[in-house]
Amino acid sequence: MNNKHKLLKVLLPGLAIILINSTGFSQTYSTNNEAGIKRQFPWPEGKKMALSLTFDDARLSQIDTGIPLLDKYGVKATFYISPGSLLKRIEGWKQAFVNGHDIGNHSVYHPCSGNFAWSRDNALEEYSLQKMRNELDSASRFINELLGVNPASFAYPCGQTFIGRGAGAQSYVPLIASLFESGRGWLNEAPNDPYFCDLAQLNGTELDGKSFEQVLKLIETAKESGQWLVLAGHEMNDEGRQTSLLKTIEALCKYATDPSSGIWIDNVRNVASYVEQKRLEESIAENRKGVITIKAKPGAKVSVEQLKHEFWFGCAISNSLGSGKMPENDMKQYKEKFLRNFNSAVTENAVKWGSMEPRKGEIDYSVIDGILKWTEENNIPLRGHNLFWGIPQFVQQWVKDLNDDELRITLQNRAETVTSRYKGRFAEYDLNNEMIHGNYYENRLGPDITKLMAEWAHNGDPDAKLWLNDYDILTGNRLADYMAHIRKLMKQGVPIAGIGVQGHLHGETFDRSQLRKALDSLAIFKLPIRVTEFNMPGQRSKYYTEKIRVMSPQEEELKAKELSDYYRICFAHPAVEGIIMWGFWEGANWIPVSSLYKRDWSPTPAAEAYNNLIFDEWWTKESGTTGKDGTYSVPAFYGKYKVTVNRVSKEIDLSKENGTTIVDFRK
């Protein structure tokens, strides 16, 4: 090895390179992790790879010759539709969707670089992000109106992912990530690593013009590494330009549908959804599970039964529980269903200053006392929402009428009185709610008031945990503002115990990528995060804005899916420590249709989906026998457990902080 290659080896450690001569090197692709251990993605039924066939532009041959061939073998493909061509075969495309084929978005005008003469009138160089968003929205609406499907996948026309030119050029991949589950490229040279690939810009390998033998080489490469090969074509015929050959497609179908091939062949929507689900499952296992090790005599019978999650799966508690003003039957059901579903809580209105003291000096503690009595009897940690709320419309008029000195003294008295009265009883408080949206107290008394509020609260209870709480953060709309606000408070020395982010500013659905981005961004502060006020559907949905009180069965199913996906993403994130619903029963919920239970207490599909997650999929219940060394270990979700060995039981805690716990029955 010459000096140049020695220098490369020193400067580039860990790169997979193969020296091929004295003047250069080539790259290799690897799916090894940092420890050098090859990871095999868990494809369904032990398959060795995934394969998706995709076709663009809604070419007539796809309906006339291609889809009938795919249907013959039961192969489901993805078709990226151009609206103009769709109109020529509407019934055929409707049937294709019914037959299980995936319909994707391919834009309205197929914008590519103006260097293609035919695209000069729709040149990406002249596009803005807003223009692209408008076009993609139009294409999706068009497809939905004609075919009854909402496209989940997009194919970049010409495989080009930019808009604008020169210093103003930028990627529109983030836009695709916000609108679709996946985006497919074109003329890429490698399959997709399911552990790593960006679903918003999947590699698409050309199928047009290739023989089966050529495609088989691509398949073998993907299979060797357990990857996902996405083939992309246009026409589906016997010959011609930009044509995926029917004989190649048929050979592919025969080969891939043979169980011995080890291939999972399916459309992009199904594979992308599966990849995302598995990624979340692995993240959940990594961030939410530890190990319980039991030590006893060899051969002892062991059972491990989870009693409670450490992660907060909570809900707001209505004032009517604390006041006792709820009808008796509803009160019974409310308490029973709450305890069945939730392990933590927040006061919906009871602690708010305007509720406690609407008129100066007339303070009502009874509702708080009633709620705390019940939560403490049932070992439910309770958040106090909130000590202060500076949005002007929620500040009592009598408070506004005080002069500055009186206001400062009154704020101090409020903070010290509440925290001292309930010292050690609230798990945490929201200090000053929604400050980035309005802060009457700061406007009146200056920028140091938040720190003073915290000091006064700690005068009453030195151990009080004081949280921030605000909205429109997880949508991304006010994320930058919130982060700047947190930095300012930290610089001032305000003791922030955690970051609250409300979860009801979406619509009927939510932006998955934006939710992840927001959580990742907030995690840099190294503080615990709770989703403090969750509704699905949310405040920007038609159900809230139009006061719709009834959902169709299809809408109920969508609600259940959206709720499940939201919880999965949050539970998988290492910085999140809880999700708190803002109402679970139609009789006491500000967005009634977002409830788990209807007014008559019948469960919705969302209730079933919620319980399947928290108490089935994310619940540990195992049994077995200690080995020859007298030990039995089980991966388990963090929480409280009952461990039984030969009918002798112990309750133990498995905490995320410790990661493992040992239960010794030999003593």
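Look a little higher up for the structure.
Now for a look at the structure at hand.

Criteria and thresholds
- Residues numbered from 1 in each chain as written.
- Predicted model: local features only at pLDDT ≥ 70, side-chain atom pairs only at ≥ 80, totals over all residues.
- Heavy atoms only, no water.
- Disulfide = S-S within 2.5 Å.
- Helix = DSSP H or I, 4+ residues; strand = E, 2+ residues; numbered from the N terminus.
- Buried < 20%, exposed > 50% of the residue type's maximum accessible area, 1.4 Å probe, protein only.
- Axes fitted to C-alpha atoms, helices over the stretch in contact; angles between N-to-C directions.
- Parallel < 35°, antiparallel > 145°, perpendicular 65-115°, else oblique.
- Contact = heavy atoms within 4.5 Å.
- Nonpolar A, V, L, I, M, F, W, Y, C, P; charged D, E, K, R; others polar.
- Core = buried A, V, L, I, M, F, W, Y, C linked by side-chain atoms within 4.5 Å.

Regarding the state of the cysteines
- Following the criterion strictly, the structure yields one disulfide and no others.
- Through a disulfide, Cys112 is tied to Cys158; the S-S separation comes to 1.9 Å. Residues Cys112 and Cys158 share a disulfide whose torsion about the S-S bond is about 90 degrees; that sign makes it right-handed. One end of the pair, Cys112, is in the loop between strand S5 (102–105) and helix H5 (129–147); the other, Cys158, is in the loop between strand S6 (153–155) and strand S7 (162–163), and 46 residues separate them in sequence.
- Note on Cys112: relative accessible area 0%, which makes it buried.
- On the accessibility criterion, Cys158 (22% relative accessible area) is partly exposed.
- Here Cys570 stays free of any disulfide, with the sulfur of Cys315 as its closest cysteine sulfur at 15 Å.

Topic: the packing of helix H18 (residues 479–492) against helix H19 (residues 512–522)
- One way to put it is that H18 packs onto H19 with a least axis distance of 11 Å and a crossing angle of 10 degrees. The angle between H18 and H19 places the two elements in the roughly parallel class. The residues of H19 that touch H18, namely those facing Leu479, Tyr482, Met483 and Ile486, are Gln514, Ala518, Ser521 and Leu522.
- For the contact of H18 with H19, the class distribution of residues is six nonpolar, two polar and no charged.

Overview of the nonpolar core
- With 118 residues, the main nonpolar core has Ile292, Ile294, Phe338, Leu411, Tyr441, Leu522 and Tyr567 as its most contacted residues.
- Looking at this core element by element, the count peaks at eight residues for helix H21 (residues 553–572).
- Look past the residues within four positions of Leu411 in its chain and what remains in contact with it is Trp353, Phe388, Tyr441, Leu445, Ile449, Met453 and Trp456.
- In terms of nonpolar packing, the next biggest core, distinct from the first, is built from 35 residues, Phe55, Val75, Cys253 and Ile263 among them.

Structural notes on the side chain of Asp56
- Note that Asp56 resides in strand S3 (residues 49–56).
- Residue classification places Asp56 among the buried positions, given a relative accessible area of 3%.

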